[in-house]
Every structure is written in C-alpha cells, then in structure tokens.
Number of protein chains: 2
Amino acid sequence: MALEHAILVSLLEKPGSGYELARRFERSIGYFWTATHQQIYRVLKRMESDGLLAVRGLPQQSRPDKKEYSVVGPGRAALSQWLHEPIEPESVRHDLAVKIRGAAFDDPSVLIREVERHRQVHSDRLAHYLAGELRDFTGPAAPTPLDAGQELQHVVLRGGIAYERMTIAWLDDVLATLRRLGTSHPHA
Amino acid sequence: MALEHAILVSLLEKPGSGYELARRFERSIGYFWTATHQQIYRVLKRMESDGLLAVRGLPQQSRPDKKEYSVVGPGRAALSQWLHEPIEPESVRHDLAVKIRGAAFDDPSVLIREVERHRQVHSDRLAHYLAGELRDFTGPAAPTPLDAGQELQHVVLRGGIAYERMTIAWLDDVLATLRRLGTSHPHA
DNA sequence: TCTTTATATGCAACTCGTTGCATAGCCAAG
DNA sequence: CTTGGCTATGCAACGAGTTGCATATAAAGA
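Worth saying up front: this structure is predicted, and the values here are computed from it rather than measured. (Residues numbered from 1 in each chain as written. Chains lettered and ligands numbered in written order. Predicted model: local features only at pLDDT ≥ 70, side-chain atom pairs only at ≥ 80, totals over all residues. Heavy atoms only, no water.)

Draft legend 1. Spotlight on the domain arrangement of chain A. Assigned domains within chain A: domain 1 (2-84) and domain 2 (95-184). Relative placement of domain 1 of chain A and domain 2 of chain A: their C-alpha centres are 28 Å apart. (Domains from an automatic or database assignment.)

The following block contains the structure:
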C-alpha cells in the first residue's frame, strides 16, 4: 500500500490533480516510486471515498475539467501512523542480474549491447539528478538555509545519485567480465 | 514474467523441486529476485503445462513426495529468446525514501530507529555476501580458474556487495541528516 | 508430552500493477 | 487539413504478487 503513502507525501508537498501526480511520478517522486496514471486515478478515488483526501473540481476553459486533490485530517493521520510503523527493508528485483546469470547458458556476448544500453540510461539519470541537485539544493539559486523538508528531499536525492553512480560502476564491471569471457571462449 | 526466467536460470544451474526453489529464492537468486513458495508452485505448474519444464516424481520414505523439475528444450529456447530481447532498465521502489520525505510532515526523529534497523539489515546482508564470495570465488577453497558460469555468478554477487555498501553509506548520511534536524528543530 | 521446526505441496481470496482502449478538445507542425 | 502531441480522466481485462489457510510426516528440543 505504499502508493497511497507516496501520494499523501506528494499531495502534502503540493496539492494537485491525478494528471499532475502522474507527471510527478515520472520525475522527483518517480526516482524511488513508479506508478501509471491508471493506478493513480484508481487509488485517488479510493482514498477520497475513504476520507483521506478532499477533491475540488476546477473547470478550465479550453481544457477538460481538473480535479484537484488535497490531503485532509485523516490522510495526514494515516501518514503519521505509517511513519511510526516499521517496514520491511526493500528487496531488489533486478531483471538484468537474472539475464547475466542466464547468459551462462547461451552466448554471454549477446548481452554486451543490452548492458551498454542500460549503462546509458543510468548515466542519463545521473546527469538529470545532478542537474536537479544543483538547481534546487547546491547551486547559487538554491534557498539558504534549506528548511527541514528541503533537507530531507536533498538526502533522498543524494541516495538516487549514489545509486546511479554505484550502478554505472557495476555495469562497467559487468561489461569487462562479458568481454573477457567473449575473448577467451569465442561463442558458446 | 521475469519470475519464469529466474526459475529457468535456477533450474538450469541445478534441477530441483518447488520447495528447493523457494529456498534458493531466499538465498542466491533471492539477492536480486524474490518469490514466495505459492507463486513458485503456481508458475512451475504453468511452465510444465506449457512444455518448458519436465517433472519427475520422487517418492521418498518418511517425507512427502517430491516433484523434481528440470528444463527441457523449449524452456531453454524461451530463455535464449528472452536474452536476445531488450528489457526496461529497472526502476526502484523504495518505501524508506517515501518515509523520509514524509517525515517533513511529522517529527523527523521518529525515523531514526527505523533507519538504524534498516542499516543493520543491510550490514548483515553485506557480511553474508562477503562470506559467500570468499567461500565460492575468492577464497582458497574456490575453484581456479572459474568457468564462465562462475564468473557471471561472481559479477552478479559483486553487484549485490556494491549495492549494500552504497546503501549503508547512504543510510549513514540519512541518519546524520535526521539527527541534525532533530537538534536544530526540536519537535515538529 | 507438547510445541516448534523442517520437509513438501497446494487452494482460495485478495490486492497490486500493467496494457489496451476510449473520450474529448486544443495547439502546433507538416 | 490532417497528423500527432498535450491536457485530463476513466473502464475493462488481465497478470503478478501476497496472505491466510490446509494437509501430512518426522525429528529435535523444552
């Protein structure tokens, strides 16, 4: 049920529509939680009928109507309660690692392209995170001093940066290993 | 559908029963893919009826009968095909990061205990991985030279080690941040 | 002796998440 | 002027994953 909580956090940071939430989940929140718009609309509806959120219809000219959601009392209480409960440390689901082990039963060199592609994606993400850090937290246009919310957003972003750096270094290790296997055992 | 592929890889490495697979998913395979026994039994049944796996009933004395699964031709072909298809780079789902951002709307210090607990879990995992690396790949009892399959298993394990080290360092950063906020702004 | 742990498999019900499709109007590019 | 993209919401169907329960035997420990 962590999507509910991610939505509560995002709407507390700033109220918005399902569509806007979906876009946030492609950016900042999406660094550590993903969701499609279908899922978001469904959960928003449930949360509203559970009394965690309030809706406000915003008729717009030359645009479809917008429903702006915001967190109300019970929603804030639900978040607070969740913060006090322990959660399971996350376990990773890494398709690429499955592929790498599976490559032992095929030609390992077929994965080189794939791993290079993943490396590029992570490299792009890292650049994106670093640009965001400079813009919001460490650059000259950033507010000083940062408030508690900004400090917490920054430490989460630093986690994303550390994750991407670690992943890129590991993918380089993977590439070196695949290439080594390719030369010593040409074709499986 | 990556559970199917993880099962194919694991059964190619060594045939086994659903129960045995479930235990492997708590260990080596489980470092990067998790599954409960329910899910494993269901998927094994489907894969067998799809002709990817063969079953062999092993009656045992003083134990319930065991069904040993192994990969047959079409299963190997399915894995090979998957290896040639591109997959989406994984996106993280990190509950703890949601909590950290949510802490801005409550007392950040309530998370200190929780983060310390997660740090301990990751520290234990790291120790476990390092022991496995020494046993299987870098210690005196390890085979030399390693074959391709072992090299690939090792590079995946190195990824797990790098992940845990990065996570521990980040959690230390998180703890320092939470403690700093706690002293400068006592209670929210 | 009674409880727990381990082996070994499975059903039923549920929630979570994805994919495809649908609607509807506006704007910009070709 | 038509195609595609952006805003904005949603249904229906499916597949993935979790939780609770059930069964059966045997060994080890309290």
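Draft legend 2. Here's a closer look at the pattern of salt bridges. The final tally for this structure, using the stated rule, is 22 salt bridges over all chains. As a salt-bridge pair, A:Arg101 and B:Glu13 come within 2.9 Å of each other at their nearest N and O atoms. With A:Arg101 in helix 5 (residues 95-102) and B:Glu13 in helix 1 (residues 2-13), this residue pair bridges two chains. Given the relative accessible area of 7%, A:Arg101 is considered buried. B:Arg46 is paired through a salt bridge with B:Glu4; the nearest N and O atoms lie 2.7 Å apart. Here B:Arg46, found in helix 3 (residues 37-49), pairs with B:Glu4, found in helix 1; they are 42 residues apart in sequence, far enough to count as distant. (Salt bridge = Lys/Arg side-chain N within 4 Å of Asp/Glu carboxyl O. Helix = DSSP H or I, 4+ residues; strand = E, 2+ residues; numbered from the N terminus. Buried < 20%, exposed > 50% of the residue type's maximum accessible area, 1.4 Å probe, protein only.)

Draft legend 3. Representation of the interface of chain A and chain B within the structure. Each partner contributes residues to the interface: chain A has 68 residues there, and chain B has 68 residues. Taken over both partners, the interface formed by chain A and chain B buries close to 6800 Å², and the fraction arising from carbon and sulfur atoms is 65%. Of all residues in chain A, A:Glu90, A:Arg101 and A:Phe105 bury the most surface against chain B, accounting for 13% of the area lost on that side. If you look at where chain A meets chain B, you find six salt bridges. Between A:Arg180 and B:Glu151 there is a salt bridge; the shortest N-O distance is 3.5 Å. When contributions to the side of chain A that touches chain B are tallied by element, the ones reaching two or more residues are helix 1 (2-13), helix 4 (73-84), helix 5, helix 6 (111-138) and helix 7 (148-184) of chain A. The greatest single-element share of the side of chain A that touches chain B, amounting to 19 residues, is contributed by helix 7 of chain A. Counted by class, the side of chain A that touches chain B contains 37 nonpolar, 14 polar and 17 charged residues. (Contact = heavy atoms within 4.5 Å. Buried area = accessible area lost by both parts, 1.4 Å probe. Nonpolar A, V, L, I, M, F, W, Y, C, P; charged D, E, K, R; others polar.)

Draft legend 4. Region of the structure containing the environment of A:Glu88. All names here are of chain A. Along the chain, the position of Glu-88 falls in the loop between helix 4 and helix 5. Under the relative-accessibility criterion, Glu-88 is labelled exposed at 66%. When the C-alpha positions of Glu-88 and Gly-102 are compared, they lie 29 Å apart, and in sequence the two are 14 residues distant.

Draft legend 5. Region of interest: helix 1 of chain A. Look at helix 1 of chain A: 17 Å from first C-alpha to last across twelve residues, which is about the 16 Å you get at 1.5 Å a residue. By the criterion of burial, helix 1 of chain A is predominantly enclosed, with eleven of the twelve residues buried. Of all the positions in helix 1 of chain A, only A:Ala2, A:Leu3, A:Glu4, A:His5, A:Ala6, A:Ile7, A:Leu8, A:Val9, A:Ser10, A:Leu11 and A:Leu12 are classed as buried. Residues of helix 1 of chain A that are buried make contact with helix 2 (18-24), helix 3 (37-49), strand 1 (53-58), strand 2 (66-71) and helix 4 of chain A together with helix 5 (95-102) of chain B. (Expected span 1.5 Å × (residues − 1).)

Draft legend 6. View of the packing of helix 1 of chain A against helix 4 of chain A. Residue and element names in this part refer to chain A. The geometry of helix 1 relative to helix 4 is characterised by a closest axis approach of 10 Å and an angle of 120° between their N-to-C directions. Comparing their axes, helix 4 and helix 1 come out oblique. Taken as a pair, helix 1 and helix 4 cross one another with a handedness that is left-handed. Along its contact with helix 1, which presents His-5, Leu-8, Val-9 and Leu-12, the element helix 4 presents Gly-75, Arg-76, Ala-78, Leu-79 and Trp-82. Class assignment of the residues belonging to the contact of helix 1 with helix 4 gives a composition of six nonpolar, two polar and one charged. (Axes fitted to C-alpha atoms, helices over the stretch in contact; angles between N-to-C directions. Parallel < 35°, antiparallel > 145°, perpendicular 65-115°, else oblique. Left-handed = near helix turned anticlockwise from the far one by under 90°.)

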